[in-house]
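Letter by letter, the chains look like this.
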Amino acid sequence: MHEQFNFAIEVLGTISFAMSGSFAAMQKRLDPFGVLIIAFVTSVGGGTVRDLLLDIPVFWMHDLLTCALILGTSIFAMIFKSIEKNFKVTLFIFDSFGLGLFTIIGVQKGLNAEIHPFICIALGTITGCFGGIIRDILLNRIPLIFRKEIYATACIVGGSVFLLMTKYIPLSYTFIQIFTILLIVAIRTLAVKYQWQIPKFYGHDHNSEM
Amino acid sequence: MHEQFNFAIEVLGTISFAMSGSFAAMQKRLDPFGVLIIAFVTSVGGGTVRDLLLDIPVFWMHDLLTCALILGTSIFAMIFKSIEKNFKVTLFIFDSFGLGLFTIIGVQKGLNAEIHPFICIALGTITGCFGGIIRDILLNRIPLIFRKEIYATACIVGGSVFLLMTKYIPLSYTFIQIFTILLIVAIRTLAVKYQWQIPKFYGHDHNSEM
Amino acid sequence: MHEQFNFAIEVLGTISFAMSGSFAAMQKRLDPFGVLIIAFVTSVGGGTVRDLLLDIPVFWMHDLLTCALILGTSIFAMIFKSIEKNFKVTLFIFDSFGLGLFTIIGVQKGLNAEIHPFICIALGTITGCFGGIIRDILLNRIPLIFRKEIYATACIVGGSVFLLMTKYIPLSYTFIQIFTILLIVAIRTLAVKYQWQIPKFYGHDHNSEM
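Residues numbered from 1 in each chain as written. Chains lettered and ligands numbered in written order. Predicted model: local features only at pLDDT ≥ 70, side-chain atom pairs only at ≥ 80, totals over all residues. Heavy atoms only, no water.

Quoted straight from UniProt, the Subcellular location (unreviewed entry) entry for chain A says "Cell membrane". According to the UniProt record, the Sequence similarities (unreviewed entry) comment for chain A reads "Belongs to the UPF0126 family." (UniProt positions renumbered as here; feature names shortened; annotations may be inferred.)

Structure, rendered in structure tokens:
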């Protein structure tokens, strides 16, 4: 049952990031194949780095479903886009859900590989953020992680809460998964909506270049 | 005999991308060591990612020839450059040949590792495109993949044709290799020459940033 | 005893790059979590790529100390920064020391894995430069390697001298390590101070884009 739910999380995360990649690529006017490739890289990027770090087989190498899902999603996105014009919000939501879903998967895979919980948070954050970072670098967009938005922060908080709850709170594992995934989405969404910023207690510096 | 021809393909691909990396670096006025490093990264980048994904030993780690070839090529390129000034075309041709050669190598290595053909196309595209992408990111150039040119598209088409021909057409394997490599080079060259573009059936979007 | 000294080098390198990452991130006004992540990526980036290339377990996956060091360093850096404003020089020094320390570690790990010395120089250069490159790419700064400064050149020279001395000069291994690390730092510092540049014997090219 856990297995099935984890599978569902992976499928949803793959679709979410494929969506965000497709829209980002379409906004940059890439041709359909370019859109497909950006969707692919955005979707598998984080998990690929995670698997390489854990030294386990890269998940999509022997998994046709992932590739099929990404292909289907990007085609759907392109058709969908041709009808409606502005998807800023949809895109943002998909990116946020992908972030939440992949972060929790990353933390879990780390725990399964008997990595120290503290390091698992880093691993989850990488899994969640990396796909979007590659997408933004390839598309010459300012990486989200660098924008004023709270982004990686949401992953770190969500991952930490997940670890604490699974360890100390006697609730169904599945419930904790759903809760922390929604927590990450909520933190990011609210942060953008209300322009949350973590106070920078360090002073300003006029040399913006080293 | 297959082995020998595959070896020839690898050597030609290594030289082609080392050339394109050297010229791109020289156009950005890097010093000779910088040129060497960019040539190296451009040349081994795609194959390195491919080998990491396939979880096989990284090809250049125990292969002095590759490093020697890259060193020789970049020195040759620098001397050559000092005579003649404009190599836009030469550079483009080398980049296109590298693209074709490495894409087919990537698809083959995937098949040898018993990866599903569909995934092998993705692997071939990554092998072909990644070196140039790293080169462009390091040199702060707009990644080719993002320009209007047909680039990744050529890899996907070439890789697919290679798979279909090897499976259904009773021709010599070597002939099919040469044919598909030249096909990728031809698609890209003609696409640039005649400004081919794949129609974007999705509408325009005024928010170019998410 | 060698072991202990190598351990000291790794610790110092980790702290140096965590420092340089923290300051670079603070100069770009990232929030504290963003600073932590950039410090982390800068510090582990080079070694991670090195371990992936050598196909050995990624060093920080089972090493809590590295993560603790980076966390502590970035917190220290943020508090420190809040007092004093301009750290261009400090940042530069930390980046240079990290470069020297990690380059030599990279070359050593390559030799231990029985990689050809010539390839070990490439490996050392990658180990030394990669963390800073990822940092600069994530922060949308022009990668140092691309600036006029002598950067990778220092790694190549330092790595080569290390190999030659360990092979032909009958001095204590530890002395050679310290000497070559300081050599790399010195080359880079003097190069910047006196604006050294390696002569580009190849002519200028007006097409700065391919």
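This is not the end of the story, as more comes after the structure.
A. Examining the overall build of chain A more closely. Helix and strand counts for chain A come out as seven helices and zero strands. Beginning at the N terminus, the succession of helices and strands in chain A can be written as α-α-α-α-α-α-α. With 210 residues in all, chain A has 59% of them scored as buried. Within chain A, contacts between residues at least 6 apart in sequence are counted, and of these 71% link residues at least 24 apart. Counting only carbon and sulfur atoms, one obtains 71% of the accessible surface of chain A, whose full area is about 8,300 Å². (Helix = DSSP H or I, 4+ residues; strand = E, 2+ residues; numbered from the N terminus. Buried < 20%, exposed > 50% of the residue type's maximum accessible area, 1.4 Å probe, protein only. Contact = heavy atoms within 4.5 Å. Areas by Shrake-Rupley, 256 points an atom, 1.4 Å probe, with all protein chains shown as cover.)

B. Examining the pattern of salt bridges more closely. Tallying each qualifying case throughout the model produces 15 salt bridges over all chains. Where B:Glu10 meets B:Lys109, a salt bridge forms, and the shortest distance between an N and an O atom there is 3.6 Å. In this pair, B:Glu10 is assigned in helix 1 (residues 2–27) and B:Lys109 in helix 4 (residues 88–112), connecting sequence segments 99 residues apart. Salt bridges here are not isolated pairs; linked through shared partners, they connect A:Asp95, A:Arg135, A:Asp136 and A:Arg188. (Salt bridge = Lys/Arg side-chain N within 4 Å of Asp/Glu carboxyl O.)

C. Region of the structure containing the UniProt feature "domain: Glycine transporter" (unreviewed entry) in chain A. In the numbering adopted here, UniProt assigns the feature "domain: Glycine transporter" (unreviewed entry) to residues 8–80 and 93–166 of chain A. Its end C-alpha atoms 23 Å apart, residues 8–80 of chain A is made of 82% helix and 0% strand.

D. Examining a nonpolar patch on the surface more closely. All names here are of chain A. There is a patch of nonpolar side chains on the surface, built from Leu164, Tyr168, Ile169, Leu171, Phe175 and Phe179 and spanning about 600 Å² of accessible area. When residues of the nonpolar patch are traced back to their parent elements, those giving at least two are helix 6 (152–168) and helix 7 (173–193). Along the polypeptide, Ile169 turns up in the loop between helix 6 and helix 7. (Patch = residues over 30% accessible without salt bridge, like charges linked within 9 Å, V, L, I, M, F, W, Y side chains within 5 Å.)

E. Fine view of the nonpolar core. The biggest cluster of nonpolar side chains holds 182 residues, and the ones touching the most others in it are A:Trp60, A:Met61, B:Trp60, B:Met61, C:Trp60 and C:Met61. When sequence neighbours within four positions are dropped, the list of residues in contact with A:Trp60 reads A:Phe40, A:Val44, A:Thr48, A:Thr66, A:Cys67, B:Leu53, B:Ile119, B:Ala122 and B:Ile126. (Core = buried A, V, L, I, M, F, W, Y, C linked by side-chain atoms within 4.5 Å.)

F. Here's a closer look at the state of the cysteines. Per the stated rule, a full pass over the model turns up zero disulfides over all chains. Of the cysteine sulfurs around A:Cys67, a residue in no disulfide, the closest is that of B:Cys120, at 10 Å. (Disulfide = S-S within 2.5 Å.)

G. Structural view of the packing of helix 5 (residues 117–138) of chain B against helix 6 (residues 152–168) of chain B. Residue and element names in this part refer to chain B. In contact at an axis separation of 9 Å, helix 5 and helix 6 are set at 140 degrees when each is read in the N-to-C sense. In terms of orientation, helix 5 and helix 6 fall into the oblique class. The chirality of how helix 5 crosses helix 6 is right-handed. Each of Pro117, Ile121, Thr125 and Cys129 in helix 5 lies in contact with helix 6, whose residues at this interface are Ala152, Cys155, Ile156, Gly159, Ser160 and Leu163. Class assignment for the residues of the contact of helix 5 with helix 6 results in seven nonpolar, three polar and no charged. (Axes fitted to C-alpha atoms, helices over the stretch in contact; angles between N-to-C directions. Parallel < 35°, antiparallel > 145°, perpendicular 65-115°, else oblique. Left-handed = near helix turned anticlockwise from the far one by under 90°. Nonpolar A, V, L, I, M, F, W, Y, C, P; charged D, E, K, R; others polar.)

H. Quick peek at the packing of aromatic side chains. Scanning all chains against the criterion turns up 15 aromatic pairs over all chains. Aromatic side chains A:Phe40 and A:Trp60 sit 4.9 Å apart centroid to centroid with 90 degrees between the ring planes, which places their arrangement in the edge-to-face category. Placement of A:Phe40 in helix 2 (residues 32–54) and of A:Trp60 in the loop between helix 2 and helix 3 (64–83) is noted, with a sequence separation of 20 residues between them. The class for A:Trp60 is buried, based on a relative accessible area of 1%. For the cation-ring pair, B:Arg50 lies above B:Phe59, with the distance from its terminal atom to the ring centre recorded as 5.5 Å. (Phe/Tyr/Trp six-rings, centres within 6.5 Å; stacked < 30°, edge-to-face > 60°. Lys NZ or Arg CZ within 6 Å of the ring centre and 35° of its normal.)

I. Summary view of helix 1 (residues 2–27) of chain A. Along its 26 residues, helix 1 of chain A runs 37 Å from first to last C-alpha, staying within 8% of the 38 Å computed at 1.5 Å per residue. Looking one or two residues beyond helix 1 of chain A, the residue adopting positive phi is A:Arg29, at roughly 65 degrees. (Expected span 1.5 Å × (residues − 1).)

J. Fine view of the confidence of the model for chain A. Residues and elements named next belong to chain A. Across chain A, the average pLDDT comes to 85, with 86% of residues at 70 or higher. Scored below 50 in pLDDT, residues 205–210 shows 22 contacts in the model against residues more than four places distant or in partner chains. ipTM for the predicted complex: 0.83, alongside a pTM of 0.87. (pLDDT = per-residue confidence, 0-100.)

K. Geometry of the packing of helix 1 of chain A against helix 4 (residues 88–112) of chain A. Residues and elements named next belong to chain A. It is at 8 Å that the axes of helix 1 and helix 4 come closest, and there the two elements cross at 140 degrees. Considering their axes alone, helix 1 and helix 4 lie oblique with respect to each other. With respect to the hand of their crossing, helix 1 and helix 4 are arranged in left-handed fashion. Of the residues belonging to the contact of helix 1 with helix 4, the class tally is 13 nonpolar, eight polar and three charged.

L. Here's a closer look at the UniProt feature "transmembrane region" (unreviewed entry) in chain A. Residue and element names in this part refer to chain A. Listed under "transmembrane region" (unreviewed entry) in the UniProt record, and renumbered for this structure, are residues 6–26, 33–53, 59–79, 91–109, 115–138, 150–169 and 175–192. Segment residues 6–26 splits into 100% helix and 0% strand. End C-alpha atoms: 30 Å apart. With 100% helix and 0% strand, residues 33–53 has end C-alpha atoms that lie 29 Å from one another.

M. Looking closely at unusual backbone geometry. A positive phi angle, close to 65 degrees, is found at A:Arg29, a residue other than glycine. By the element assignment, A:Arg29 lies in the loop between helix 1 and helix 2. By relative accessible area, A:Arg29 is classed as partly exposed at 22%. For B:Glu114, which is not glycine, the phi dihedral falls at a positive 55 degrees. Within the secondary structure layout, B:Glu114 lies in the loop between helix 4 and helix 5. Overall, B:Glu114 belongs to the exposed group, its relative accessible area being 69%.

N. Focus on helix 4 of chain A. Relative to the 36 Å expected for 25 residues at 1.5 Å per residue, helix 4 of chain A spans 36 Å between its end C-alpha atoms, a close match to the ideal helical length. One or two positions beyond helix 4 of chain A, positive phi appears at A:Glu114, with a value near 60 degrees.

O. Representation of the side chain of A:Asn6 within the structure. Residues and elements named next belong to chain A. Checked against the element boundaries, Asn6 lands in helix 1. With relative accessibility at 18%, the residue Asn6 sits in the buried group. Leave out the neighbours within four places in its chain, and Asn6 touches Gln108 and Gln177.

P. Spotlight on the environment of A:Glu10. Note on A:Glu10: relative accessible area 23%, which makes it partly exposed. Discounting residues that sit within four places of it in the chain, A:Glu10 has contacts with A:Phe102, A:Ile105 and A:Lys109.

Q. Seen up close, the environment of C:Ser172. Secondary-structure assignment places C:Ser172 in the loop between helix 6 (152–168) and helix 7 (173–193). Put simply, C:Ser172 and C:Leu138 are 34 residues apart on the chain and 40 Å apart in space, counted from C-alpha to C-alpha.

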